[in-house]
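Examination of the molecular architecture
Residue strings, one per chain:
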Amino acid sequence: METAMQPFPLDRAFTLLESGPVTLVTTHGGGRDNVMTITWTMVLDFNAHFAITTGPWNHSWNAINETRECVVAIPCADMLDTVVGIGLCSGQDTDKFETFSLGRRKADKVKAPLLSACLANIECRVVEIIDAYGIVILEGIAAHAAPHRDGRSPLHAIGDGTFVTEGPRLDRRMMMRPKLPPSVIPRLS
């Protein structure tokens, strides 16, 4: 049975596409660390190129522009209130690491810190900034994954103040083998 489509408000169309993982982006600028919540992220290719969307309204924007580096951290679902809290205040007048009791450790290749409670951290260099859209193109230069991340789910923002987490993983790796990069193939065995 076919279901009839109904009109959907165009100004909410982004909620139909916004399902990438919520990220916490750390920076180091002006002599101090900061962290912001970013829900608009995109994978650009299999070679660790990503994009985030932000702009001058975020205190971290200046650090990203000046230092040309950051860390993209993937928080888990049990960090939801922390993630939302970070997004609701500014690093201009709040030490978010102290306020939210965030554990951090030194990154290998950038000055921005890694977030210890997160599922993973990707150290990045800025490749390009498209000012008109606040798009920051990033190149991953080092990645770190928590050994205890199995069974912990990342958050996905819907864009309307609600979030979802992942359900069961559905494995179609063998079926998609012809489309996967060679680096993934050995893990399929």
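In the block above lies the structure referred to throughout.
All residue numbers refer to positions counted from 1 along the written sequence of the respective chain. Only residues with pLDDT of 70 or above have their local features reported here, since the model is predicted, and side-chain atom pairs are shown and tallied only from 80 upward, although totals for entire chains, interfaces and linings are computed over all residues. Derived side-chain values reflect all non-hydrogen atoms in the structure, with water molecules and hydrogen atoms excluded from consideration.

**So, the overall build of the chain**
A run of H or I in DSSP becomes a helix once it reaches four residues, and a run of E becomes a strand once it reaches two; helices and strands are each numbered from the N terminus. Of the regular secondary structure elements, the chain holds five helices and eleven strands. Throughout, the radius of gyration refers to the C-alpha atoms, and the reference size of a globule is 2.2 Å times the residue count to the power 0.38. Here the C-alpha radius of gyration of the chain, 18 Å, is about what a compact globule of 189 residues would show, namely 16 Å. Dimensions of the chain, computed from the C-alpha atoms along their principal axes, are close to 60 × 45 × 35 Å. Taken across its 189 residues, the chain has 37% of its residues classed as buried. By definition in these notes, contact holds between two residues if any of their heavy atoms fall within 4.5 Å. In the chain, the proportion of contacts linking residues at least 24 apart, taken out of those at least 6 apart, comes to 61%. Burial classes follow relative accessibility: with a 1.4 Å probe on protein chains only, a residue under 20% of its type's maximum area counts as buried, one over 50% as exposed, and anything between as partly exposed.

**Topic: unusual backbone geometry**
For residues other than glycine, phi is negative in most cases, and the peptide bonds are mostly trans. At Ala48, a position not held by glycine, the phi torsion is positive, near 60°. Take Ala48: its relative accessible area is 28%, and that puts it in the partly exposed class. Phi angles above zero are rare outside glycine, and Arg68 is one such case at about 60°. With respect to the helices, strands and loops of the structure, Arg68 is situated in the loop between α2 (60-67) and β5 (69-74).

**Thoughts on the nonpolar core**
Take the buried residues of types Ala, Val, Leu, Ile, Met, Phe, Trp, Tyr and Cys, join any two whose side-chain atoms come within 4.5 Å, and each joined set is a nonpolar core. Within the largest apolar cluster, 32 residues are counted, with the highest numbers of intra-cluster contacts made by Leu24, Leu115, Val136 and Leu138. In this structure Val136 touches Phe50, Ala51, Ile52, Thr54, Trp61, Ile64, Val126, Glu128 and Ile129, once residues within four positions along its chain are discounted. By size, the runner-up hydrophobic cluster in this structure holds five residues, among which are Val71, Ala107, Ala112 and Leu114.

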